[in-house]
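# Observations on chain architecture
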Amino acid sequence: MPVTFRATSTDAVHGFVVDKTNANVMLIPGFIATFTTRFDKAGERLMPCHEYCGTGHEAMWGRVQVLPAEEFLAKAKSGERMSCVPR
Amino acid sequence: MFLAKRLVLAHFWVAFVAFAAAIVLGEWQMFVRSPLSAWVGDPEHYYRSVTGHGTVMGYVFPTLVAMGFGYAITELALKRPLLGLRWAWIGFWLVIVGTVMAAAPIAVGRASVLYTFYPPMIGSVFYYLGVVLVVVGSWVWVALMAINLRAWKKDNVGQRVPLAMFGNVAGAYLWAWTSVGAAIEIIFLILPVALGFKDTIDAGLARVFFSWTLHAIVYFWLMPSYIAFYTIVPRAIGGRLYSDTMGRVAFVLFLVFSMPIGIHHLFADPQVGAGFKFLHAAFTAMVAVPTFLTVFTIVASVEIAARLRGGKGLFGWVKALPWGNPMMLAVTFSFIMLGFGGRAASST
């Protein structure tokens, strides 16, 4: 199912990319980047910042978990924020 | 008789080659155990070095090459002394002062903004002023190119401008137009914030102004090479230029099509709409044309030289070229690099 991202930045220009997917935008303070894309394969993807944003840019990355649609919707049913961090 | 000579040498050769390898490993240990390793591996120092590298490689080095080459062409192609020599030296010193002024804050880590310096990241005022001085120094060169050409035209009414000077002045005008984008960004958007007069900045507008400069600057960098291709290479290898008119057409096409394409650096940006992105993408495709023209014209000119030397066949003429001539190798390697770079650029 398609996923819509709406993102911005508050401090510097950052680059938002989810490795091996179509998600790739610039996050500019004062503007909201909106795009919709599909994730064809479930699994873990790397999400680094790809625009130099100051010291620490090299550490600005995370992992994105792409879940099958049913699994995601089941987790999201409670309407709370979701996290893949084990409690 | 020393019969065991080969045996002894074999032992010593292997021993000392192994020694050399082990010394290198020892250097590695010294590096890791010394404060140098932590210093080199520090990300903050790395960003300083990236900023210094980019600023010199992008703004200082190619500008000085284009300026110097341009002054040389003005005297050699127009066959008259350069007008405004003192102004030219002033322009040179502006570039030097600007470089030092920008290098100082970079070195101490107060301007780790990279040569793109995208706000809201703000560095030291002196970094931006330094870059501005470098650009202003180059504008002195632009003015002198125009003035010298105009004086030559007045004294040579109706005559065709020598091709080298034609390309030179086209490149100078291209740079004058191109540099305005970053100049506006620095002077009107960034400096007020860097000086503390303003608290806010339009980061999207700054990126758009910078993109104005960011693309066409590469053609400013390219011009000296293309001028050399058209005006130095053909005769240096014993041939002649296939078409002088093609050269002029290529230079004019660069001047026109290099301008409205900067937004191809902003395809992923939210502040520019799809309409302008499409327009700039279309123009970007068109700016490949003068390069294709140049590749054809220069290869044709080189082929002329080869066939004059007796080269035969559809491709066999390549063997007849003066491969011992450094100019031949230089242009060949240069074309190979252009092929890689151009193909990479057009496919992204």
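Quick summary incoming for the structure in this document. Keep in mind that this is a model prediction, so the values were computed, not measured.

Calculation notes
Counting restarts for each chain: residues are numbered from 1 in the order of the written sequence. The lettering of chains begins at A and the numbering of ligands begins at 1, in the order of writing. Confidence filtering applies because this is a predicted model: local features only for residues at pLDDT of at least 70, side-chain atom pairs given and counted only at 80 or more, and all residues used for totals across whole chains, interfaces and linings. The basis for every side-chain value is the complete set of heavy atoms in the structure, and neither hydrogens nor water enter the calculation. Secondary structure is summarised from DSSP: a helix means a run of H or I of at least four residues, a strand means a run of E of at least two, and numbering begins at the N terminus for each. Categorising residues by exposure relies on relative accessible area from a 1.4 Å probe, with only protein chains included: less than 20% of the type maximum marks a residue as buried, more than 50% marks it as exposed, and the intermediate range marks it as partly exposed. Contact criterion: two residues are considered in contact whenever any of their non-hydrogen atoms come within 4.5 Å of each other. For the area figures, the Shrake-Rupley method with a 1.4 Å probe applies, and any residue is considered shielded solely by the protein chains shown. His is not counted, nor are the chain ends; Lys and Arg add positive charge and Asp and Glu add negative charge. The atoms used to mark charge sites are NZ of Lys, CZ of Arg, CG of Asp and CD of Glu. Two strands qualify as a pair provided DSSP detects at least 2 bridges between them. Take the buried residues of types Ala, Val, Leu, Ile, Met, Phe, Trp, Tyr and Cys, join any two whose side-chain atoms come within 4.5 Å, and each joined set is a nonpolar core. Axis definition: a line fit to C-alpha positions, over the contact stretch in the case of helices; interaxial angles, taken between N-to-C directions, run 0 to 180 degrees. These descriptions rest on fixed angle ranges, namely under 35 degrees for roughly parallel, over 145 for roughly antiparallel, 65 to 115 for roughly perpendicular, and the rest for oblique.

We now examine the overall build of chain A. Along its length, chain A carries one helix and six strands. Ordered by position from the N terminus, the helices and strands of chain A form the series β-β-β-β-β-β-α. By its C-alpha atoms, chain A is 40 × 25 × 25 Å across when sized along the principal axes. Per-residue burial over chain A gives 32% buried out of 87 residues. Long-range contacts, defined here as pairs at least 24 residues apart, represent 46% of the contacts in chain A between residues at least 6 apart. Within the structure as shown, chain A displays about 5900 Å² of accessible surface, and the carbon and sulfur contribution to it stands at 54%. In chain A, 10 positive and 9 negative side-chain charges are present, and the distance between their average locations comes to 6 Å.

To continue, consider the overall build of chain B. Along the backbone of chain B there are 12 helices and zero strands. Going from N to C terminus, chain B has its helices and strands arranged as α-α-α-α-α-α-α-α-α-α-α-α. Across its three principal directions, the C-alpha atoms of chain B cover 85 × 65 × 45 Å. Expressed as a percentage of the 348 residues in chain B, the buried residues total 43%. Long-range contacts, defined as pairs at least 24 residues apart, comprise 75% of the intrachain contacts of chain B with a sequence gap of at least 6.

Residues and elements named next belong to chain A. Of the two faces of strand β6 (residues 61–66), only the one carrying Gly-62, Val-64 and Val-66 is buried; Trp-61, Arg-63 and Gln-65 on the other face are not. Inspection of the sheet shows strand β5 (residues 43–48) paired to β6 by six bridges, in the antiparallel sense. Residue pairing in the sheet places Arg-45 in a bridge with Val-64 of β6.

Residue and element names in this part refer to chain B. Residues Phe-117, Tyr-127, Trp-141 and Met-165 are the most contacted members of the largest nonpolar core, which totals 80 residues. Those elements giving two or more residues to this core turn out to be α3 (43–78), α4 (85–107), α5 (125–155), α6 (163–194), α7 (203–231), α9 (244–257), α11 (288–308) and α12 (326–347). Broken down by element, the residue count for this core peaks at 13 residues, all from α5. Leave out the neighbours within four places in its chain, and Trp-141 touches Ala-66, Met-67, Gly-70, Tyr-71, Asn-168, Ala-172, Trp-175 and Phe-220.

This brings us to the packing of α7(B) against α9(B). All names here are of chain B. For the pair α7 and α9, the least separation of the axes is 12 Å and the interaxial angle reads 180 degrees. Accordingly, the angle class assigned to the pair α7 and α9 is roughly antiparallel. For the pair α7 and α9, contact is made by Tyr-219, Leu-222, Met-223, Tyr-226, Ile-227 and Tyr-230 and by Met-246, Gly-247, Ala-250, Phe-251 and Phe-254, respectively.

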